[in-house]
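Spelled out from the first residue to the last, the chains are:
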Amino acid sequence: MGFLDALLGRSKPVRPDLDQLFAVPSAALTLQAATGFRPTGRGSVCFAAAEGASFARVRDDVRALLDADTERGGVPVEFSRDPYGYTWLLSTQPPEELSALVTDLHAVNTLLEEGGFGPQLLCSLLAFQDEHGRSLGLVYLYKRGTFYPFAPLPGEREKRNNQLELEVRAALGTDLRVEEDLSRWFPVWGAPGL
């Protein structure tokens with residue numbers, strides 16, 4: 001950052017730190033103890049799909065890597081498109097295998113980043129649920145290197161449980177790098193796996 005940037009109040013964007021994802025399994029223990037939310041075994045990565053052979057090759061590499069265990073009973077990866085045109089990749093593991101799910105999501109992000117498609121990455125989401133059937137997503141913002149909770153209200157169309165989100169933020173404050181700017185806690189309505 002140069003003198004002029006400092007003078008004008010500009011700052012360098014935070015570099016993505018995908019290794020932050022590996023903090024989720026231990027944070028999940030804190031989350032379960034504080035709020036009763038347990039991992040569901042579902043996680044997804046959201047990105048803007050690109051056209052061309054390079055992107056198709058990366059997508060094929062991702063599918064081959066994550067589908068490698070389907071012959072041994074693993075669940076194949078699913079791709080879908082949301083109403084906004086973003087592509088979602090859904091990975092599923094047994095709920096007790098949160099570390100394997102995090103590894104899958106990290107691998108997807110890494111392959112896209114190494115393929116030159118890092119700017120297309122939007123977020124990753126890990127799904128949790130409590131004994132009352134309430135859903136919670138821990139969303140990792142790729143470009144910010146931070147997490148935030150997303151808690152849709154059950155049975156309500158596009159309404160959030162803001163109180164629960166703030167409760168989760170307080171519980172995870174020391175375990176994960178939580179996004180401090182609440183205006184960046186974007187809703188991810190209809191996210192696969194949530």
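### Some points on the overall build of the protein
Then comes step 1: If you tally the helices and strands in the protein, you get 5 helices and 6 strands.
Then comes step 2: When the helices and strands of the protein are read in sequence order from the N terminus, they spell out α-α-β-α-β-β-α-β-β-β-α.
Then comes step 3: Whereas a compact globule of 194 residues would reach a radius of gyration of roughly 16 Å, the protein reaches 17 Å, a difference of no more than 12%.
Then comes step 4: For the protein, the proportion of its 194 residues judged to be buried stands at 43%.

### A word on the packing of helix H3 (residues 53-66) against helix H4 (residues 98-117)
Then comes step 1: Contact geometry of H3 with H4 gives a least axis separation of 10 Å together with a crossing angle of 160 degrees. Taken as axis vectors, H3 and H4 run roughly antiparallel relative to one another. Crossing handedness for the pair H3 and H4: right-handed. Residue-level contacts link Ser 54, Phe 55, Val 58, Asp 61, Val 62, Leu 65 and Leu 66 of H3 to Asp 104, Ala 107, Val 108, Leu 111, Leu 112, Gly 115 and Phe 117 of H4.

### Points about the pairing of strand E6 (residues 146-150)
Then comes step 1: Of all 5 residues that make up E6, 5 are buried, and the element is covered over most of its length.
Then comes step 2: Of the two faces of E6, the one holding Thr 146, Tyr 148 and Phe 150 and the one holding Phe 147 and Pro 149 are both buried throughout.
Then comes step 3: Joining the antiparallel neighbours strand E5 (residues 135-141) and E6 is a turn of 4 residues, in which Gly 145 adopts a positive phi near 70 degrees.

### Examining the packing of aromatic side chains
Then comes step 1: Within the structure shown, the criterion is met by 3 aromatic pairs.
Then comes step 2: Arranged with centres 5.0 Å apart and planes meeting at 55 degrees, the rings of Tyr 140 and Phe 147 form a pair that is tilted.
Then comes step 3: A residue is classified by how much of its surface remains accessible, and Tyr 140, at 0% relative accessible area, is buried.
Then comes step 4: Plain terms: the ring middles of Phe 150 and Trp 189 are 5.1 Å apart, the flat faces sit at 75 degrees to each other, and that makes the pair edge-to-face. In this pair, Phe 150 sits in strand E6 while Trp 189 sits in the segment after helix H5 (162-172), placing the two residues 39 residues apart along the sequence.
Then comes step 5: Owing to a relative accessible area of 26%, Trp 189 belongs among the partly exposed residues under this scheme.
Then comes step 6: A cation sits over an aromatic face here: Arg 59 above Phe 79, 4.0 Å from the ring centre.

Each value, and the rule that gives it
- Residues numbered from 1 in each chain as written.
- Predicted model: local features only at pLDDT ≥ 70, side-chain atom pairs only at ≥ 80, totals over all residues.
- Heavy atoms only, no water.
- Helix = DSSP H or I, 4+ residues; strand = E, 2+ residues; numbered from the N terminus.
- Rg over C-alpha atoms; globule rule 2.2 N^0.38 Å.
- Buried < 20%, exposed > 50% of the residue type's maximum accessible area, 1.4 Å probe, protein only.
- Axes fitted to C-alpha atoms, helices over the stretch in contact; angles between N-to-C directions.
- Parallel < 35°, antiparallel > 145°, perpendicular 65-115°, else oblique.
- Left-handed = near helix turned anticlockwise from the far one by under 90°.
- Contact = heavy atoms within 4.5 Å.
- Pairing = 2+ DSSP bridges.
- Phe/Tyr/Trp six-rings, centres within 6.5 Å; stacked < 30°, edge-to-face > 60°.
- Lys NZ or Arg CZ within 6 Å of the ring centre and 35° of its normal.

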